[in-house]
2 protein chains.
Amino acid sequence: MTPTVTELEVHDIRFPTSDQLDGSDAMNGDPDYSAAYVVLHTDAPGAGETEHSEGHGFCFTIGRGNDVISAAITALRPYVVGRPVPCTAVDLASLHRELTHDSQLRWLGPEKGVMHMAAGAVVNAAWDLAAKQAGQPVWEFLSAMPPEDLVELVDFRYLTDVLTRGEALALLRAAEPGRTERAARLRAEGYPAYTTSPGWLGYSDEKLVKLAQEAVADGFGQIKLKVGADLGDDVRRLRLARAAVGPGVRIAIDANQRWDVPDALRWMRALAPYEPHWIEEPTSPDDILGHAAVRAGQPVKVATGEHVANRVVFKQLLQAGAVDFVQIDAARVAGVNENLAILLLAAKYGVPVCPHAGGVGLCELVQHLAMFDYVAVSGSWDDRVIEYVDHLHEHFIDPAVIEGGRYSAPRAPGFSARMRPESIAAYRYPDGPVWRAREPEGVTG
Amino acid sequence: MTPTVTELEVHDIRFPTSDQLDGSDAMNGDPDYSAAYVVLHTDAPGAGETEHSEGHGFCFTIGRGNDVISAAITALRPYVVGRPVPCTAVDLASLHRELTHDSQLRWLGPEKGVMHMAAGAVVNAAWDLAAKQAGQPVWEFLSAMPPEDLVELVDFRYLTDVLTRGEALALLRAAEPGRTERAARLRAEGYPAYTTSPGWLGYSDEKLVKLAQEAVADGFGQIKLKVGADLGDDVRRLRLARAAVGPGVRIAIDANQRWDVPDALRWMRALAPYEPHWIEEPTSPDDILGHAAVRAGQPVKVATGEHVANRVVFKQLLQAGAVDFVQIDAARVAGVNENLAILLLAAKYGVPVCPHAGGVGLCELVQHLAMFDYVAVSGSWDDRVIEYVDHLHEHFIDPAVIEGGRYSAPRAPGFSARMRPESIAAYRYPDGPVWRAREPEGVTG
């Protein structure tokens, strides 16, 4: 008998990270890193005894509004509870389509914002569950699928002027030879990473320099600094960081959408002499033409994607020649399926995918997608790096593992998405003990 | 003493419109027109006795997910309750900025989807309240503001590559002469309208023909038909409609995002001989480059906007020469303030604004914005029409009034946003008597 999804459970989990200014940048001064966390319970064999019968997923937010995403996930309950556990590509394709094509819910986007992120959390939880049922980590589960199954997963609506199903199939077939060798190499060597931990805007110069040096000592070939609040500060910080890491290490910079196009051009002309590797989110993530103007108007390469709402906007960023790097986020779009569409679009244009991570559990999730891209889509890790931030991993059962500046390939079945039950209990908002113990004025809400 | 906002009340109100296929189109087969409705209560003079002490606003949805928007509006309570009643342009500018710039809530968009629509509902409720306090309908309240106040209301972030504050001020100053005359003409003649009532996709040919003829008899110079499900049906329906209304009446058509770019081009080349006035939403509202390709690749003019998420996307539609008509929606973006930005962008490019309406209360709201545009921004109603749909007006205290195919200028103070208390009580979901009386399988949820 096919097992059934018996319940969808949602938790509003918030970490008071604003206490330490971890995660602070030019747009997000005091984030409380949070997750709207979903558990799909089933009656699969071992239910109640082993977590392999559960699917885990989440949206990442930075505090207030985590309750709104939780409400949106709850609204998706009727689409999964009482349904057979999705196991195959066909099942996962059909769930993804149902969640994103429901005509009434689609009105709330379409395919963007709270409702779309909630769909992504549920889709990802279903992938976690399906991969566990198959006994594989998600990157291996995906990498074992034939190209015909992989294209089935993709919603080509609004893409066919640029990428048809036939072209996608040809791309995937071209990457089939060498899958086994690349998977073996991944297991042996891991996937290249860079770290943002030194560069939060709220950190002192001393902390920046110390952490930058530690990053290099730990084997990272690239670090990232937040910029965009004050040009004088940014010049000083970039100079300090360059001195700390030496000429051989790449320094990416990230403005977190702080600028209008004219600001971005002015700022980047001033920062270009320090040879930043890329400027990330120079302006609004919706501003395709703005990114193209920034890329055309100054010498530093342009990256964006963590806030790009869906595959249609990524399509245009590539069409318009607006980006040098595509930064997928595992939990912003509608889950694995939509990220597969974005990986295929990037592969068609030959643009490297350098995933956004950090937050709560984003490193854990997105490593699977980058590894799958290497094995079965782009077939390359040249110029590709996954972001790494060393916060909050202790709350996960199967945390991302970094060795020598590289992500180790996950071996446990699933999506590495499961949070420790004791962390869920402690940080539940507003009723967990961590929040109950805080003064009212310290509570977000 | 300045009065204070004492409470923010939210109602999930749904009308079972799917019973009659009112509102059915190629993407939205069975909408239950709904409103996530917000009331700002105050302690202003007359509180509890006159509705002039209350502000009313709402988001329009088509059923499922109305609860999610309601949760998002509820999350905005701390930004308004306990604060002084916003009365001036400065107050309304500051409320709008606070709601859209909160760094934690912004993460859920940014500036798109559920959270942004919720901000729009609260901003619009504040405008309703402020205009009532001033004793004016919103269109007059806005039209009486000096250009310096109007630019204060606009968030120019991400716009300055195309429209600076100085340019906006110059546009508004250029439209100052003649304000009084145009307002008087509006009061005397009303504002041109078109009607979509004949053209819902679920209607029979007989109903289409009958309603189209009635529309012409009622004085409308333009009607609109839904298209996009089946090309053969669309050709037949467009031919029937043309025969019914004669050559002098404009027939706009609306695909509601149904097509990819190649589909849109193929379809429009087949429909062009019937001389549709515009093709509306040929593809994804996010696809700026796609709209530009549709506009360039076939002879029919292109309109879009009801699902365009924010001013940044409108900016690009204009930059890219992707649209012939800008269709603002009163309740999709962040309220009056963001729509003012969009009106200014359209004025800069000389593109006519033809507002989207229908739904629940959208006619009531958006007429104020079009009339303000005529009086104080574009200064013109040439090629401009406001959509009209004759559904659900009976639920509003101050419904839109159509005479001879034109919107009569509202005279009652406020935004015409107030729903009848008995309608709120009857259609509350799921506890109102209309929903309690329905069979469980007929209940959305």
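Source: prediction; values computed, not measured.

> Which residues make up the packing of helix α10 (residues 231–245) of chain A against helix α11 (residues 261–271) of chain A, and what values do they have?
All names here are of chain A. Interhelical geometry of α10 versus α11 gives an angle of 30° and a closest axis separation of 10 Å. The angle between α10 and α11 places the two elements in the roughly parallel class. In the packing of α10 onto α11, the handedness of the crossing is right-handed. On the side of α10, the interface is formed by Leu231, Asp234, Val235 and Leu238, while α11 contributes Arg266, Trp267, Ala270 and Leu271. Residue composition of the contact of α10 with α11, grouped by class: six nonpolar, no polar and two charged.

> Outline the packing of aromatic side chains, listing residues and values.
Evaluated as defined, the whole model comprises 30 aromatic pairs over all chains. On the basis of an interplanar angle of 90° and a centroid distance of 6.1 Å, the ring pair of Tyr191(A) and Trp381(A) is categorised as edge-to-face. On the criterion of sequence distance, the pair formed by Tyr191(A) in strand β4 (residues 191–199) and Trp381(A) in the loop between α15 (362–377) and β10 (386–388) is long-range, its members being 190 residues apart. We note that Tyr191(A), like Trp381(A), is buried. For the ring pair Trp259(B) and Trp267(B), a centre distance of 5.1 Å and an interplane angle of 40° mean the geometry is tilted. For the pair shown, Trp259(B) and Trp267(B) are each scored as buried. Through pairs of rings, three or more aromatic residues link up here, namely Tyr33(A), Phe60(A) and Trp107(B). Here the guanidinium or amino end of Lys207(A) rests over the ring plane of Tyr203(A), the centre of that ring lying 3.9 Å away. Geometry around Tyr429(B) places Arg14(B) over its ring, the cationic atom sitting 3.8 Å from the centre.

> Any chance you could break down the pattern of salt bridges for me, citing the residues and the numbers?
Residue and element names in this part refer to chain A. Per the counting criterion, the structure on display carries 58 salt bridges over all chains. In this structure, the salt-bridge partner of Asp67 is Arg14, at a minimum N-O distance of 3.6 Å. Here Asp67, found in helix α1 (residues 66–74), pairs with Arg14, found in strand β1 (residues 5–14); they are 53 residues apart in sequence, far enough to count as distant. Lys224 is the salt-bridge partner of Glu387, the closest N and O atoms lying 2.9 Å from each other. With Glu387 in strand β10 and Lys224 in strand β5 (residues 222–226), this residue pair connects regions lying 163 residues apart in the sequence. Residues Glu387 and Lys224 agree in their burial class; the two are buried. A network of salt bridges, in which partner residues are shared, links Lys224, Lys226, Asp254, Glu280 and Glu387.

> Account for the interface of chain A and chain B, naming residues and giving values.
Tallying the contact residues gives 66 residues for chain A and 66 residues for chain B. Both faces combined, the contact of chain A with chain B buries some 5200 Å², and carbon together with sulfur accounts for 55% of it. If you sort the residues of chain A by the area they bury against chain B, Arg64(A), Gln104(A) and Trp107(A) come out on top, with a joint share of 17%. Between the two partners, chain A and chain B, sit six salt bridges. The partner of Asp287(A) in a salt bridge is Lys315(B), with the nearest N and O atoms 2.6 Å apart. The interface formed by chain A and chain B contains 34 residue pairs in polar contact (both at pLDDT 80 or more). Listing elements by their share of the side of chain A that touches chain B, those giving two or more residues are β3 (55–61), α1, α3 (103–106), α4 (113–134), α11, α12 (288–297) and α13 (311–319) of chain A. Grouping the constituent residues of the side of chain A that touches chain B by class yields 31 nonpolar, 19 polar and 16 charged.

> I'd like a description of the relation of the copies chain A and chain B, backed by residues and values.
For the pair chain A and chain B, the relating rotation is 180°, the translation along its axis is 0.0 Å, and the fit reaches an RMSD of 0.0 Å. On this basis, the relationship between the two copies can be described by a two-fold rotation axis. Judged by C-alpha distance, Gly113(A) is the residue of chain A that lies nearest the rotation axis, at 2.3 Å. Mapped onto chain B, 100% of the interface residues of chain A are again interface residues, and the two copies thus contact each other with one and the same surface.

Each value, and the rule that gives it
- Residues numbered from 1 in each chain as written.
- Chains lettered and ligands numbered in written order.
- Predicted model: local features only at pLDDT ≥ 70, side-chain atom pairs only at ≥ 80, totals over all residues.
- Heavy atoms only, no water.
- Axes fitted to C-alpha atoms, helices over the stretch in contact; angles between N-to-C directions.
- Helix = DSSP H or I, 4+ residues; strand = E, 2+ residues; numbered from the N terminus.
- Parallel < 35°, antiparallel > 145°, perpendicular 65-115°, else oblique.
- Left-handed = near helix turned anticlockwise from the far one by under 90°.
- Contact = heavy atoms within 4.5 Å.
- Nonpolar A, V, L, I, M, F, W, Y, C, P; charged D, E, K, R; others polar.
- Phe/Tyr/Trp six-rings, centres within 6.5 Å; stacked < 30°, edge-to-face > 60°.
- Buried < 20%, exposed > 50% of the residue type's maximum accessible area, 1.4 Å probe, protein only.
- Lys NZ or Arg CZ within 6 Å of the ring centre and 35° of its normal.
- Salt bridge = Lys/Arg side-chain N within 4 Å of Asp/Glu carboxyl O.
- Buried area = accessible area lost by both parts, 1.4 Å probe.
- Polar contact = N/O pair within 3.5 Å; in protein donor to acceptor, adjacent residues only side chain to side chain.
- Least-squares fit on C-alpha atoms with pLDDT ≥ 70 in both.

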